[in-house]
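Residues per chain, in single letters:
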Amino acid sequence: MTRPRIAVLASGGGSNLQALLDHFKQLGDARAGDIVLVASDRPDAGALRRARAANIRAVTIISSFTALGDELDAILERHSIDIIVLAGFLQLVSADITRLYVGRMLNVHPAPLPDFGGSGMYGKRAHRAVLASGVRMSGPTVHFVDEIYDHGAVIAHWPVPVREGDDEQTLAERVLRAEHLLFPRVVQAVAAGDVSLRADGRLSRPFFRDDAALPPFDPALDDATLGRQLDAAHVERATNSESQIPIR
Ligand code: GRF
């Protein structure tokens, strides 16, 4: 079976990359894609170290915006990349690439969208904005990427409670735990063609069965239980698991 070839772009520690690697390893032959490349705009990114430790090609790309577009384009082509996963990548990817990869490029954002997204709203800043707003729920959002920051169609969001006395750090840790469980499952679903982007910009089908299918993230539960909640709320397509992603 030919699986879509996935590139992960990451600027930071790469804990989401690690979650993805671990999830695919656990799925074994049932994984719907292969992570073949990790690219970072920071030579010292933990994500690159994690990639090398997993025997995955790790490359550094230059950080200027125009150069990033050209250079990235060449790297993606050289490695025959079918799907791009942004996992904490802080650069805006050029419109040439987002257009080329429409419906094949996804991102995880650590807060609800569109309310807590957009340029400059990353990392601690997103959590700070959530806390300042007084909302009682935050949580990771996974979305398809278009040429505008945090703007593409939302695939999945997991509400994570904001607690009395939370600061940026405590909220970030809770949300990150939810990300690590949600993001790999969404990547798997997109690579499997379970969820795709239609020409009208909407999803082919919702990731979760219905709005009530998934309980809010409960930090008291262990990862295995939370993972089962996600799996129960997401119903895979009943038909074959052959990918609908056009493979080069
Ligand atoms: C995560 O919070 C993610 O939501 C955001 O960047 C962070 C990346 O963390 N897009 P890591 O590098 O995966 O640990």
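As a starting point, this report considers the structure included with it.

Definitions and limits used
- Residues numbered from 1 in each chain as written.
- Predicted model: local features only at pLDDT ≥ 70, side-chain atom pairs only at ≥ 80, totals over all residues.
- Buried ≥ 20, exposed ≤ 12 C-beta atoms within 10 Å, placed from the backbone.
- Helix = DSSP H or I, 4+ residues; strand = E, 2+ residues; numbered from the N terminus.
- Pairing = 2+ DSSP bridges.
- Right-handed = clockwise from strand over helix to strand, strands pointing away.
- Axes fitted to C-alpha atoms, helices over the stretch in contact; angles between N-to-C directions.
- Contact = placed C-beta atoms within 7 Å.
- Near = placed C-beta within 6 Å.
- Nonpolar A, V, L, I, M, F, W, Y, C, P; charged D, E, K, R; others polar.
- Core = buried A, V, L, I, M, F, W, Y, C linked by C-beta atoms within 7 Å.
- Arc of directions from axis to C-beta.

### Considerations on the pairing of strand β5 (residues 105–109)
- Across the five residues that make up β5, a large majority, five, are buried.
- Direction of pairing for strand β4 (residues 83–86) relative to β5: parallel, over a ladder of three bridges. The residue bridging I84 from the neighbouring strand is M105, located in β5.
- Note that the unit made of β4, helix α4 (residues 95–100) and β5 has a crossover that is right-handed.
- As paired elements, β5 and strand β7 (residues 141–144) share four bridges and run antiparallel to each other. Paired with V108 across the bridge in β7 is V142.

### As for the sheet that holds β7
- Read across the open sheet, the seven strands follow the order β3-β2-β1-β4-β5-β7-β8; overall the sheet is mixed. The sheet is open, and its two edges are formed by β3 (57–60) and β8 (154–157), each paired on a single side. Across the sheet, the axes of successive neighbouring strands diverge by a mean angle of 20°, strand direction being ignored.
- This element, helix α1 (residues 15–27), spans β1 (5–9), β2 (34–40), β4 and β5 of the sheet and lies at about 170° to β2.
- Sheet strands touched by helix α6 (residues 168–191): β1, β4, β5, β7 and β8. Its angle to β5, the strand with the most contacts, is close to 165°.

### Side note on the site of the ligand
- Around the ligand sit 13 residues, and of these G12, S15, N16, G88 and P110 come closest.
- Taken together, the elements giving at least two residues each to the shell around the ligand come down to α1, β5 and α6.
- Grouping the constituent residues of the shell around the ligand by class yields five nonpolar, seven polar and one charged.

### Describing the nonpolar core
- Ranked by size, the top nonpolar core spans 69 residues in total, and within it V8, L20, V38, V85, L106 and V186 carry the most contacts.
- In terms of residue count, the dominant contributor to this core is α6 (twelve residues).
- Residues contacting V38, with those up to four places away along its chain left out, are V8, A10, L17, A47, L48, A51, I56 and A58.

### Re the pairing of β4
- By the alternation rule, side chains of β4 split into I83 and V85 and I84 and L86, which are all buried.
- Here four bridges tie β1 to β4, and the two strands are oriented parallel to one another. Looking across to β4, one finds that L9 is bridged to L86.

### A look at helix α2 (residues 46–53)
- Taken residue by residue, α2 has A47, L48, R50 and A51 as its buried positions. An end-on view of α2 places all buried positions within 160° of arc, on one side of the element. Relative to its buried face, α2 has exposed residues pointing more than 90 degrees away, namely R52 and A53.

Purely geometric numbers; function is a separate question.
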